[in-house]
Amino acid sequence: MNPRIAVVPGSFDPPTLGHLDVIRRAAGLYDQLHVLVVHNPGKEAMLPIAQRLSLLEQSIAESDIETDVVVASWSVGLLVDYAADVGAGVLVKGIRSQVDVTYETPMAIVNRHLAHVETVFLLPDPAHAMVSSSLVRQVAALGGDVSPFVPAAVARFLDTGARGI
């Protein structure tokens, strides 16, 4: 496993400015970054995985991220299986609060035990600390303006009436 290759996993349903902030900062820390859309069976998705991949690719392309970024999806097996497949030695997780730390810490310990993959937690830019995909989905579903919370590509997509997907 290469400690210079990292994976940023998430549901990205939809991608937010907080996600993009974590991706941008992680890209500056690693030689190659895999942004991985994972299927969460415990959540009902607003957007199909293919749409989330497309929105992430557009958002990254429109940002100032200049490192080697791969956008992919994973829906079968453990996250560490994907990390092993691409040679990644690090998982990067954005955390907004103590609740996220409490949720993510046991997974980080198990992932280290299973596959010798380290987890790095990145704190959010304070401007994005309280924004979640769930909150964006709720605002969008009720017809609110989500543009302050999402990359321009996502705002354009949602403004086209795609909220009901």
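Notes on the structure follow. (Residues numbered from 1 in each chain as written. Predicted model: local features only at pLDDT ≥ 70, side-chain atom pairs only at ≥ 80, totals over all residues. Heavy atoms only, no water.)

Right, let's talk about helix 1 (residues 17–27) for a bit. An α-helix turns once every 3.6 residues. As a result, residues three or four positions apart point the same way. Within helix 1, the full set of buried residues consists of Gly-18, Leu-20, Asp-21, Val-22, Ile-23, Ala-26 and Ala-27. Looking at the buried residues of helix 1, the elements they touch are strand 1 (2–10), strand 2 (32–38), helix 2 (49–61), strand 4 (88–94) and strand 5 (118–122). Looking at where helix 1 begins, the residue whose side-chain oxygen comes 3.2 Å from the main-chain nitrogen of Gly-18 is Thr-16. (Buried < 20%, exposed > 50% of the residue type's maximum accessible area, 1.4 Å probe, protein only. Helix = DSSP H or I, 4+ residues; strand = E, 2+ residues; numbered from the N terminus. Contact = heavy atoms within 4.5 Å. Polar contact = N/O pair within 3.5 Å; in protein donor to acceptor, adjacent residues only side chain to side chain.)

Moving on, we get to the packing of helix 2 against helix 6 (residues 152–159). At a closest axis distance of 8 Å, the pairing of helix 2 and helix 6 adopts a crossing angle of 135°. Here helix 6 runs oblique to helix 2, going by the angle between their axes. Where helix 2 approaches helix 6, its residues Gln-51, Leu-55, Gln-58 and Ser-59 are matched on the opposing element by Ala-153, Val-154, Arg-156 and Phe-157. The class makeup of the residues in the contact of helix 2 with helix 6 is 4 nonpolar, 3 polar and 1 charged. (Axes fitted to C-alpha atoms, helices over the stretch in contact; angles between N-to-C directions. Parallel < 35°, antiparallel > 145°, perpendicular 65-115°, else oblique. Nonpolar A, V, L, I, M, F, W, Y, C, P; charged D, E, K, R; others polar.)

Our focus in this paragraph is the sheet that holds strand 4. The parallel open sheet is built from 5 strands, whose spatial order is 3-2-1-4-5. The open sheet is flanked by strand 3 (68–74) and strand 5, the only strands paired with a single partner. Mean inter-strand twist for the sheet, computed between neighbouring axes without regard to direction, equals 30°. Both strand 2 and strand 3 contribute to a ladder of 7 bridges, which runs parallel. Residue pairing across strands places His-34 opposite Val-70, the latter belonging to strand 3. The strands that helix 1 touches are strand 1, strand 2, strand 4 and strand 5; relative to strand 2, the one it contacts most, it runs at about 155°. (Pairing = 2+ DSSP bridges.)

The subject of this paragraph is helix 4 (residues 98–115). An ideal rise of 1.5 Å per residue puts 26 Å on 18 residues; helix 4 measures up with 25 Å between its terminal C-alpha atoms. At Glu-104, helix 4 shows its maximal kink, close to 30°; a proline, Pro-106, follows between one and four residues later. Buried residues along helix 4 sit against helix 3 (79–86), strand 4 and strand 5. (Expected span 1.5 Å × (residues − 1). Bend = angle between axes of the 7 residues up to and from the residue.)

Note that every value here comes from positions in space, so none of it alone points to a role or purpose.
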